[in-house]
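Here is what each chain is made of, one letter per residue.
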Amino acid sequence: MITVKLFATFREGRGKEQVFDEQVLRTPRDICTELNIPPDSVGILLINGFHAAFDDELKDGDLVSLFPPLAGG
Amino acid sequence: MNTTYNLKRLRVNLTDRTWKVEPIDLDEAKKYIGGRGLATKWLYDAGCATVDPLSPENLLIFANGPLTGTNSPTAGRYMVITKQPINNKIGSANSGGTWGARLKYAGYDAIIFEGKADAPVRLFIDDDHVEILDASDLWGKKSTECNDILRDIHGEKSNSLYIGPAGEQLSMLSCVMNDTDRAAGRGGVGAVMGSKNLKAITVKASRNIVDAYDKEAMKAAFKRSLDLFKENGVTSTGLPTYGTAVLVNIINGIGALPTKNWQEAHFPEAEQISGEELAEKYLVRRGHCHRCTIGCGRVIEREGREVGGPEYEPLWAYGSNCGVSDLPSINEANFQCNEYGLDAIGTPTTIAAAMELWQRGYIKPEENKDLPPLKWGNGEAIVEWTKAMGEGKNELAKLMAQGSAILCDHYDAPQYSMSSKRMDMPAYDARAIQGIGLNYATSNRGGCHVRGYTISPEVLGLPVQSDRTETSGKAELVKLFQDLTAAIDSLGVCLFSSFALGAAEYATLFNAATGSSLSPEEFLEAGERIYNLERLFNKDAGMEQAEDSMPDRVLKEPIPSGPSAGMVSKLDEMLPEYYAVRGWVDGFPTKETLERLLIASEVTN
Ligand code: SF4
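Residues numbered from 1 in each chain as written. Chains lettered and ligands numbered in written order. Predicted model: local features only at pLDDT ≥ 70, side-chain atom pairs only at ≥ 80, totals over all residues. Heavy atoms only, no water.

Broken down by element type, chain A carries 1 helix and 5 strands. Tracing chain A from N to C terminus, the helices and strands come up as β-β-α-β-β-β. For 73 residues, the compact-globule formula gives about 11 Å, and the C-alpha radius of gyration of chain A, at 11 Å, lands near that figure. Summarising its shape, the C-alpha atoms of chain A cover approximately 35 × 25 × 20 Å along the three principal directions. Classification of the 73 residues of chain A by burial places 47% in the buried group. A total of about 3,400 Å² of accessible surface is found on chain A, and carbon and sulfur atoms cover 49% of it. Here chain A carries 7 positive and 12 negative side-chain charges, and the mean point of each set is 6 Å from the other. (Helix = DSSP H or I, 4+ residues; strand = E, 2+ residues; numbered from the N terminus. Rg over C-alpha atoms; globule rule 2.2 N^0.38 Å. Buried < 20%, exposed > 50% of the residue type's maximum accessible area, 1.4 Å probe, protein only. Areas by Shrake-Rupley, 256 points an atom, 1.4 Å probe, with all protein chains shown as cover. Lys, Arg positive; Asp, Glu negative; His and termini not counted. Charge placed at Lys NZ, Arg CZ, Asp CG, Glu CD.)

The following block contains the structure:
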């Protein structure tokens with residue numbers, strides 16, 4: 001199973017967290033398609049706390065975090 | 001020919017209660033841009049590096065930049081430049097709101113205070129009319145009341161800055177406050193104001209525009225900047241919707257949110273203190289500084305009145321760093337910080353250090369009778385101890401109001417002060433993000449993220465992603481960010497504009513405003529000049545190379561859990577390279593470097 005955490009505006013209509021089967025959705029790109037989030041609207045993509053690419057292969061137990069473009073100081 | 005400089009500064013001698021207007025040299029102003037850069041030059045030339053920061057000999061300078069008060073986006077900043085008491089280094093604090101712009105409209109680029117009044121005074125400026133007034137009635141007043149009283153006296157169109165009780169009591173954590181909840185924080189600049197018996201400065205002005213050198217070019221540069229703001233996801237949506245508070249979940253997500261005084265770097269309850277939670281449950285509206293289209297400020301309600309809500313830094317410092325997940329307590333503690341004029345980073349980080357001293361048995365329960373125990377996660381404690389520190393309520397609170405370095409020294413446990421150059425490090429764990437650690441260690445004023453905010457590339461991917469775990473290339477990155485920031489600050493614009501703008505846009509605005517012709521590279525070089533001058537100041541003030549460091553916890557104790565488990569800062573790999581790219585030997589600029597930056601003649605020893 002893969003846990004997907006959503007933040008800021010990505011939560012609207014999608015909730016804070018969703019769970020997917022890595023056999024079905026194999027990459028963050030697949031997850032974005034499923035959640036109707038265009039990859040170019042993603043500011044930060046993390047897999048297990050590390051910056052990752054949309055075509056990285058996901059494995060059982062992974063935590064994917066998706067943030068829109070955000071900043072602070 | 002007009003420029004956005006007024007080319008006038010006010011010099012106020014508080015000892016004999018006199019003032020005069022002095023001219024500012026245009027070439028010198030351009031060379032150091034203004035604000036932070038130009039005022040540092042004056043402070044350096046005046047020999048303040050070797051004076052006691054809280055003595056009448058120290059100068060206290062308030063300066064705006066050439067863009068302050070213009071239509072340029074986010075251009076409402078003023079800077080406080082002085083020798084800061086927390087560590088005897090260059091003090092360089094910066095604040096938004098409207099006060100800085102008002103000073104520009106009144107006709108001044110800066111005010112220099114010297115000496116010390118024999119009783120509390122305040123300054124009132126209305127264009128050419130300048131008065132030093134008695135302030136004994138205001139002494140002891142907190143921010144909201146002080147601001148309200150001065151508004152009642154001088155009208156809605158006046159703006160005031162002031163110190164709270166913390167500054168009056170010479171706390172090393174005291175800020176200069178303006179417009180109720182805006183702070184020029186860190187380093188104890190409020191104590192310098194308090195040491196001079198100066199409570200407040202109120203400014204009124206009959207105009208509200210500034211003439212640029214080239215009005216058409218200025219308009220075009222302004223429009224281009226606004227377009228970039230609109231195109232950029234951070235400045236158009238991210239910051240306006242969630243403010244800086246949105247960082248809580250991001251930084252926790254990568255395992256870099258210092259928790260329980262940096263004993264850990266991941267806080268399981270982060271969601272409860274996040275920007276999303278704040279926006280959903282407490283946000284009343286956004287807060288804007290002078291003519292800022294972003295409006296990253298968080299306005300919340302307290303007892304029927306709108307007040308400033310917490311930014312990311314206090315959310316972290318009162319939150320995970322004290323183990324607290326109770327957002328209403330954090331909101332209240334942050335409010336009290338502003339009321340007393342305390343640093344909303346250094347105050348909670350000192351409370352966190354005290355909590356660790358309590359945890360380890362250094363602070364005994366009998367030392368804090370009448371106040372809630374300094375236990376991790378105690379929401380009541382963060383509120384009550386903030387107030388106690390602001391009031392100097394008991395011996396321990398008085399000690400804590402001097403910051404974590406003095407507190408931990410007192411208990412002979414300096415290892416629990418999470419500071420660099422005796423100023424507490426902010427909300428990003430330097431073990432998990434290599435570049436920011438190099439920036440903390442080499443920051444001229446001490447542990448500070450906004451000297452070189454490498455979080456942009458290392459975490460937020462702005463403008464491009466840099467691997468946070470890597471050390472290679474970080475020396476150049478940190479230098480670039482430190483130099484650019486010194487130049488941006490000196491312009492009088494908010495650092496957050498840099499999420500959308502780069503050196504080219506800033507140089508264009510500066511050139512149109514002042515009649516200069518800097519390339520983007522020369523603009524950056526001006527920032528480098530300022531950074532090196534600050535370092536020269538510190539050298540004269542007795543700084544040693546070994547102070548470019550961080551606590552052992554960061555250098556030797558691996559993060560115990562979370563996504564960044566096992567990491568430590570590899571400062572020793574980056575620091576020699578950093579000195580090399582800066583043209584420094586043993587932590588200080590070489591003669592060749594100073595000659596390249598055209599500041600060799602400024603060296604005083
Ligand atoms: S971005 Fe925020 S801090 Fe900066 S000027 Fe605008 S409102 Fe003020």
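Below, the discussion takes up the pairing of strand β2 (residues 18-23) of chain B. All names here are of chain B. Both strand β1 (residues 8-13) and β2 contribute to a ladder of 6 bridges, which runs antiparallel. What sits directly across from Arg11, in β2, is Lys20. Remark: 4 residues form the turn of the hairpin made by β1 and β2, two consecutive strands paired antiparallel; Arg17 in that turn has positive phi of roughly 55 degrees. (Pairing = 2+ DSSP bridges.)

All names here are of chain B. The 6 strands are arranged β2-β1-β6-β3-β4-β5 in an open sheet whose pairing can be described as mixed. In this open sheet, the two strands that pair with only one neighbour each are β2 and β5 (89-95). Shown here is a sheet whose adjacent strand axes are inclined to one another by a mean of 20 degrees, direction ignored. Pairing of strand β4 (residues 78-84) with β5 involves 7 bridges; the strand directions are antiparallel. (Axes fitted to C-alpha atoms, helices over the stretch in contact; angles between N-to-C directions.)

All names here are of chain B. Within the structure, the ligand sits among Thr74, Arg77, Arg182, Gly287, Cys289, Cys292, Ile294, Gly295, Cys296, Cys494 and Phe496. Looking at the shell around the ligand residue by residue, the class counts come to 6 nonpolar, 3 polar and 2 charged. There are two domains that each give the shell around the ligand at least three residues, and those are domain 1 (8-204) and domain 2 (248-423). (Near = heavy atom within 4 Å. Nonpolar A, V, L, I, M, F, W, Y, C, P; charged D, E, K, R; others polar. Domains from an automatic or database assignment.)

The next subject is the environment of Leu438 of chain B. Residues and elements named next belong to chain B. Checked against the element boundaries, Leu438 lands in helix α17 (residues 434-442). Taking relative accessible area as the criterion, Leu438 reaches 0% and is therefore assigned buried. The sequence separation of Leu438 and Tyr578 amounts to 140 residues, and the corresponding C-alpha distance is 8.4 Å. The residues contacting Leu438, other than those within four sequence positions of it, are Lys474, Ala475, Val478, Leu571, Met574, Leu575 and Tyr578. (Contact = heavy atoms within 4.5 Å.)

With that settled, consider the domain arrangement of chain B. All names here are of chain B. When its domains are assigned, chain B resolves into domain 1 (8-204), domain 2 (248-423) and domain 3 (426-602). Each of domain 1 and domain 2 has a C-alpha centre, and these two points are 26 Å apart. Listed per partner, the contact involves 36 residues of domain 1 and 32 residues of domain 2. Contact between domain 1 and domain 2 buries roughly 2,700 Å² in total, counting both sides, with carbon and sulfur atoms accounting for 52%. Linking domain 1 with domain 2 are 19 residue pairs in polar contact (both at pLDDT 80 or more). At the level of secondary structure, the elements contributing two or more residues to the side of domain 1 that touches domain 2 comprise α3 (99-106), α4 (143-154) and α5 (165-168). Counting residues per element, the side of domain 1 that touches domain 2 draws most heavily on α4, at 3 residues. Looking at side-chain class alone, the side of domain 1 that touches domain 2 contains 11 nonpolar, 18 polar and 7 charged residues. (Buried area = accessible area lost by both parts, 1.4 Å probe. Polar contact = N/O pair within 3.5 Å; in protein donor to acceptor, adjacent residues only side chain to side chain.)

Time to look at unusual backbone geometry. Residues and elements named next belong to chain B. Of note, the amide linkage connecting Leu462 to Pro463 takes the cis form, showing an omega dihedral of -5 degrees. Within the secondary structure layout, Pro463 lies in the loop between α18 (455-460) and α19 (474-491). Positive phi outside glycine occurs at Arg186, with the angle close to 80 degrees.

Once that is clear, we can look at the side chain of Asn178 of chain B. Residues and elements named next belong to chain B. Along the chain, the position of Asn178 falls in strand β10 (residues 176-178). A distance of 2.7 Å separates polar atoms of two side chains, one belonging to Asn178 and the other to Asp179. Discounting residues that sit within four places of it in the chain, Asn178 has contacts with Tyr78, Ser95, Gly96, Gly97, Thr98, Trp99, Ser160, Leu161, Tyr162 and Ala183.

Taken together, the contact pairs 18 residues of chain A with 31 residues of chain B. Summed over both sides, the interface between chain A and chain B buries roughly 1,900 Å², with carbon and sulfur atoms accounting for 66% of that surface. Three residues, Leu70, Ala71 and Gly73 of chain A, lead the burial of chain A against chain B; their summed loss comes to 31% of the area buried on that side. Counting every contact that joins chain A to chain B gives 2 salt bridges. Here Glu271 of chain B makes a salt bridge to Arg11 of chain A, at a shortest N to O gap of 2.8 Å. The tally of links from chain A across to chain B stands at 8 residue pairs in polar contact (both at pLDDT 80 or more). Looking at the side of chain A that touches chain B, the elements that each hand over two or more residues are β3 (44-47) and β4 (50-51) of chain A. For the side of chain A that touches chain B, the per-class residue count stands at 9 nonpolar, 7 polar and 2 charged. (Salt bridge = Lys/Arg side-chain N within 4 Å of Asp/Glu carboxyl O.)

This brings us to the environment of Met418 of chain B. Residues and elements named next belong to chain B. For Met418, the location among the structural elements is in the loop between α16 (404-410) and β16 (419-420). On the basis of relative accessible area, Met418 is assigned to the buried category, the value being 3%. It is 42 Å that separates the C-alpha atoms of Met418 and Trp19, two residues lying 399 residues apart in sequence.

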